[in-house]
Every structure is written in C-alpha cells, then in structure tokens.
Amino acid sequence: MLWNLVSLFMTRGASTIFMLFLARLLAPEAFGLIAMATVVFELANVFVNSGLGIALIRSETVTDSDLNTVFFSNLLLSGLAYAVLFAAAPFIADFYSQAELSTIIQVMGLVVFINAAKVVQTAVLSRRMDFKSQMKANTLGVVFSGFLAISAAFYGWGVWSLVVQVLSSALISALVLWLVSKWRPALEFSRESFSRLFRFGRNLLMEGLLEILYQNSYVAVIGRLFSAEITGLFFLATKISNLVSQQLTNAVQQATFPALSTLQTDNGSLRRKFRQIMQIMMFLIAPVMALLAGLATPLFTIFLDERWVGAVPYLQLLCVVGALYPVHALNVNLLNVKGRSDLVLKVGLVKKAVNLALLFLAIPFGVLGIVASMVVGSFLSLIPNTYFSARLVGYSLFDQIKDVIKPLISGVVAGAGAWFLVGQQGNVEFLELAGGGVFGIGIYIVATLLLRGEGLSVLISEIKKRRLGIL
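Residues numbered from 1 in each chain as written. Predicted model: local features only at pLDDT ≥ 70, side-chain atom pairs only at ≥ 80, totals over all residues. Heavy atoms only, no water.

(A) Expanded view of the overall build of the chain. Within the chain one finds 20 helices and zero strands. A fraction of 84% describes how many contacts in the chain between residues 6 or more apart in sequence connect residues 24 or more apart. By element, 69% of the accessible surface of the chain is carried by carbon and sulfur atoms, the whole surface being about 21,000 Å². (Helix = DSSP H or I, 4+ residues; strand = E, 2+ residues; numbered from the N terminus. Contact = heavy atoms within 4.5 Å. Areas by Shrake-Rupley, 256 points an atom, 1.4 Å probe, with all protein chains shown as cover.)

Next comes the structure, spelled out in structure tokens:
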C-alpha cells in the first residue's frame, strides 16, 4: 500500500502540474475533444483486459500456460478492438459534429495495443506484491509524457499535444514494466486456461463495458447537446475530482486485493479488515474533497485563468460524489475478493439503470442539473452496493454508515469553514487559499477528535504496529 501511495502522489502530483500547464496553453475545446475520444478507447481497453488480469491476480495458483494464454488473448482482442475503433471513428465524429475527432480517435486508439501488452506483466508483479516496480513505471510514464505534451502544446500542436501525452505515457510505462519483470511469453495457448479464467473475467468484462459506457454517458450527452468548450469544463472538473478520490482508493485497492484474497474464506477476518480500510480511507478522503470544494474558486483563479472559472460549480458538486466513492469501490472490491463477479455485474446493472434515468431526467436543467443528478445517484447507489456485502460477510449499510458518518460530518464542517474564510480575505487569492486550507485542516482535526473518529485511531494503531514489527 505504501508503494502504491507513493506512486499515487508522484504520478498524480506530476499529472496535476502538467494538466495545469496544459490548461494554460490550451483552450477548453481541446480538452473537450479529448473527452469525447476518451470514451471510445476506454471501451476498447476494457474489452482488451476482459477481466483476465484480475482473474490472474486472484487465482491461488498460476501456470505459465495461464500467463501465455492471457497475453495472446489480449493481443488478439486488441487487434479486433482497434479495427472497430478505426472503422467507427468517422461516425463518432459525425455524432459530435467534430470532424477533427475522426483522426484523433484513429491515432489515439493505438494505446489499446500498448495497454494489452502490459496486462500480464502488471498481474505478475501484483501477485508478487511488487508495487515498487509498478510505481517506477507509472511515474516515468507520467513525467516524460507530461514534458512531451507541454513541449508539443508550446509549439502549437493544440489538441494533438494531449494525444501525444496519452500515447507516450502508456508506451513508457509498458517498456519499464517489461524491463523490471522477468516473465516473457512463449508460443502457447490453452483453451482450458482461457475458459477457466474467463468464467471469472466475463462478468467483469460486462461490468467494465457497462461502467465505461455509464461513466462516459455524461460526456457523450454534454458533448452532443452542448459545446466542446462546456464539455472541456466538465471534463477538467471530473479529472480534478478523480485525482483524489478514485486514484487514492484505487491505489489502496490494488495493494490490498491480493492480500485480502487470501482471507476470502474467513468472513470474520475479511469484515474486520474491510472495516479498517473503510475507516482509514474515509478519514483521508473526506477532508480533502471538502476542502477542494470550499477552496475551488481561489484554486482556479491562481492556477488557471478566466476561461476555466465555469468549471468551479461542477467541481464543487463532484466533490460530494468523490467523497462517497470509497464506499462504492470498496464494496465492489469485497465482491471480487469473494469471487462473486456475477454479483458485481448485477449490482452494476441496478446502479447504472438508476443513474441513467436520473441523467435523462436532468437534461432539461442543463449541465449543472446533470452534475446534480450524479450526486443524487451516488447516494441512491449505496443501497444496492451494500446489499450483498451484508449477505456475504455481515457488513451492512447501517454498519457502513456508522463507519463513514463521522469523517463526512467533520469534512463538511471543515469545508464550510474554509469556504467562509475565503470570503474574508479581501479577494487576495493566495491568502484565501493558504488561510482557508490551514483553517479547514485545523477544524477537521478538532472535529475528528471531538467525534472520536475511528479512522484516526485505526491509522495510529496500524502505524504503531508496523513500528513495533507486529503483524
């Protein structure tokens, strides 16, 4: 977990810096075009991964035949996915009424091949709990691709500088993973291996496809009904929100999934560990999302320019969704640990049906109404997301509310305090940001101590155990 968190702060920290530089050099329309193209190649990536990588990590034993089968399966699927992407690109461009989008998709789609080539290497390193090597690969990919993108933007490449960033980041990380991993493919394919692994992965494939379609349905609707500029504002707000909530949660999940899979038959230990992870995650994420919402205006004023101010209200609402993201993600992770990918698919279908209904009901209220529907959907999704956790390990919705309510209350108080202080600094943005941040953190710590938040005590206890060498 430590190496994943180091990777998170290095890669996402660098990503944030590069994104801010690019936002100053490029117009919102460029980000809007990339948002539209991203929908397509993310679908292709899910199709290529097909859940086989997770199936490899989760398996108790893995043979060379399993690894070779997954490697060549992914290469074949990547070829099919890219062929579909290439043929569909002109029609997608017509859908958005953006002629340039066709060539962008056809070039950017090459990332599907690159990602397919590193699925097995990532799985092998994850099974060995070697997240340090993955950290090196991800960090180098982000840093070098960021410099390349900024250079391209400076010389007038426009939206193509973002395409360069996507392709070079994937290529560099793949090359480093191949250098640090000793596994190499052999010409071998086993129908038995594919069938066994795909039985688990097929449900994750369907859920992954549905998840990408659902997540990007917002971009698709906004891009179709509104301008590329507004799409870019929404896309940037989403990226900033996800930098904290999703990436921090995913970093913890990637590290804990292989270890927790060893407890899949011990429901008591599994429930206890998941509660600890939930408490720690909410203790860390709730204040960050609350302060991000409260300090959004000075943040945008200092680091961007007036072209991006329209994204502030979107970001503030998305911070609510981000604060609840760990609850949703950890419940899905629990189902995967238990080997119930079928339930992951069922829960995903229910959640997406509800959220898509809310999306279409919100269209008459504009983009702000659409973002507000995401907040409502996030709260409603807690019900199906926790249902099977209660049945499988006894971790009910009521238990989870008890674990997350204290950090959420403390975060809301801290964010409100920071927002209030921002209005008292005489429009000096740097003072607003610094003063609001320090004031908000102080309020959060005091509120956590007064409410006796479990996340802080669990985190301190785990740190003491590690220092004393207690497992």
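(B) Helix α18 (residues 397-422), seen in detail. Taking 1.5 Å of rise per residue, 26 residues should cover 38 Å, and α18 covers 36 Å from first to last C-alpha, within 8% of that figure. If you look at α18, its biggest bend is around 35°, right at Val404, and the proline Pro407 turns up within four residues after that. (Expected span 1.5 Å × (residues − 1). Bend = angle between axes of the 7 residues up to and from the residue.)

(C) The arrangement of the side chain of Ser102 in detail. Relative to the assigned elements, Ser102 resides in helix α5 (residues 101-108). Residues in contact with Ser102, not counting those within four places in the same chain, are Ala89, Pro90 and Ala93.

(D) The arrangement of unusual backbone geometry in detail. The backbone of Ser97 shows a phi angle near 60°, a positive value even though the residue is not glycine. On the secondary structure map, Ser97 appears in the loop between α4 (64-96) and α5. Among the residues examined, Ser97 registers a relative accessible area of 58% and is labelled exposed. (Buried < 20%, exposed > 50% of the residue type's maximum accessible area, 1.4 Å probe, protein only.)

(E) How the structure looks around the packing of helix α14 (residues 312-337) against helix α15 (residues 341-362). Interhelical geometry of α14 versus α15 gives an angle of 150° and a closest axis separation of 7 Å. Classified by the interaxial angle, the pair formed by α14 and α15 is roughly antiparallel. Here Val332, Leu335 and Asn336 of α14 lie close against α15, whose contacting residues are Ser341, Leu343, Val344, Val347 and Lys351. Partitioning the contact of α14 with α15 into residue classes produces five nonpolar, two polar and one charged. (Axes fitted to C-alpha atoms, helices over the stretch in contact; angles between N-to-C directions. Parallel < 35°, antiparallel > 145°, perpendicular 65-115°, else oblique. Nonpolar A, V, L, I, M, F, W, Y, C, P; charged D, E, K, R; others polar.)

(F) Looking closely at the packing of aromatic side chains. Counted by the stated rule, this structure contains ten aromatic pairs. Here Phe71 and Trp183 contribute two aromatic rings whose centre-to-centre distance is 5.9 Å and whose plane-to-plane angle is 65°, an arrangement assigned as edge-to-face. One end of the pair, Phe71, is in helix α4; the other, Trp183, is in the loop between α9 (160-180) and α10 (191-225), and 112 residues separate them in sequence. You can call Phe71 buried: its relative accessible area is 7%. In this structure Trp183 comes out as buried when scored by relative accessible area, which is 8%. Measuring from ring centre to ring centre gives 6.1 Å for Tyr82 and Phe86, while their planes differ by 55°; the resulting arrangement is tilted. On the criterion of helical spacing, the pair formed by Tyr82 and Phe86 is a turn pair, its members being four residues apart in helix α4. (Phe/Tyr/Trp six-rings, centres within 6.5 Å; stacked < 30°, edge-to-face > 60°.)

(G) Highlighting the pattern of salt bridges. With the rule as written, the count across this model stands at two salt bridges. Taking the shortest distance from any N to any O, the salt bridge between Arg275 and Asp403 comes out at 2.8 Å. Taken as a pair, Arg275 in helix α12 (residues 267-294) and Asp403 in helix α18 lie far apart in primary sequence, 128 residues in all. Using a relative accessible area of 27% as the deciding quantity, one classes Arg275 as partly exposed. With a shortest N-O distance of 3.9 Å, Asp399 and Lys402 are connected by a salt bridge. Placement of the pair is Asp399 and Lys402 together in helix α18, with a separation of three residues, close to one helical turn. Classification of Asp399 as buried rests on a relative accessible area of 17%. (Salt bridge = Lys/Arg side-chain N within 4 Å of Asp/Glu carboxyl O.)

(H) Layout of the nonpolar core. Of all hydrophobic cores here, the largest spans 82 residues; its most connected members are Leu101 and Phe300. Excluding anything up to four places from it in sequence, Phe300 contacts Leu236, Ile240, Asp305, Trp308, Ala311, Val312 and Leu315. (Core = buried A, V, L, I, M, F, W, Y, C linked by side-chain atoms within 4.5 Å.)

(I) Here's a closer look at the packing of α14 against α18. Two elements in contact, α14 and α18, have axes separated by 11 Å at closest approach and are oriented at 155°. With respect to each other, α14 and α18 are oriented roughly antiparallel. Crossing hand, α14 versus α18: right-handed. Together, Ala323, Leu324, Val327 and Asn331 of α14 and Gln400, Val404 and Leu408 of α18 make up the contact between the two elements. In the contact of α14 with α18, the residues fall into five nonpolar, two polar and no charged. (Left-handed = near helix turned anticlockwise from the far one by under 90°.)

(J) Summary view of α9. With 21 residues, α9 should cover 30 Å at 1.5 Å per step; its first-to-last C-alpha distance of 30 Å lies within 8% of that length. Those residues of α9 that sit buried are Ser161, Leu162, Val163, Gln165, Leu167, Ser168, Ala170, Ser173, Ala174, Val176 and Leu177.

(K) Inspection of empty space enclosed by the protein at higher detail. According to the stated counting rule, one finds two cavities of 30 Å³ or more in the structure shown. By volume, the second largest cavity is sized at about 70 Å³. As for the second largest cavity, its lining consists of Gln279, Phe283, Asp403, Lys406, Pro407, Ser410, Tyr444, Thr448, Gly453, Glu454, Gly455 and Leu456. Breaking the lining of the second largest cavity down by element, the ones donating at least two residues are α12, α18, α19 (429-451) and α20 (454-468). Residues belonging to the lining of the second largest cavity are distributed by class as follows: four nonpolar, five polar and three charged. (1 Å grid on protein atoms, 1.4 Å probe; cavity = no way out; pocket = protein on both sides within 12 Å on 5 of 7 lines; lining within 4 Å. Points joined across faces, edges and corners; volume = space filled by probe spheres on them.)

(L) Main features of a nonpolar patch on the surface. Together, Ile401, Ile405, Ile409, Val413 and Leu451 line one region of the surface with nonpolar side chains, adding up to about 370 Å² of accessible area. Of the residues forming the nonpolar patch, the biggest block, four residues, is contributed by α18. With respect to the helices and strands, the residue Ile401 is situated in helix α18. (Patch = residues over 30% accessible without salt bridge, like charges linked within 9 Å, V, L, I, M, F, W, Y side chains within 5 Å.)

(M) Quick look at the confidence of the model for the chain. Summary statistics for the chain give a mean pLDDT of 80 and a share of 86% for residues scoring 70 or more. When pLDDT is averaged over each element of the chain, helix α16 (residues 366-380) comes out on top at 92 and helix α1 (residues 2-25) at the bottom at 65. (pLDDT = per-residue confidence, 0-100.)

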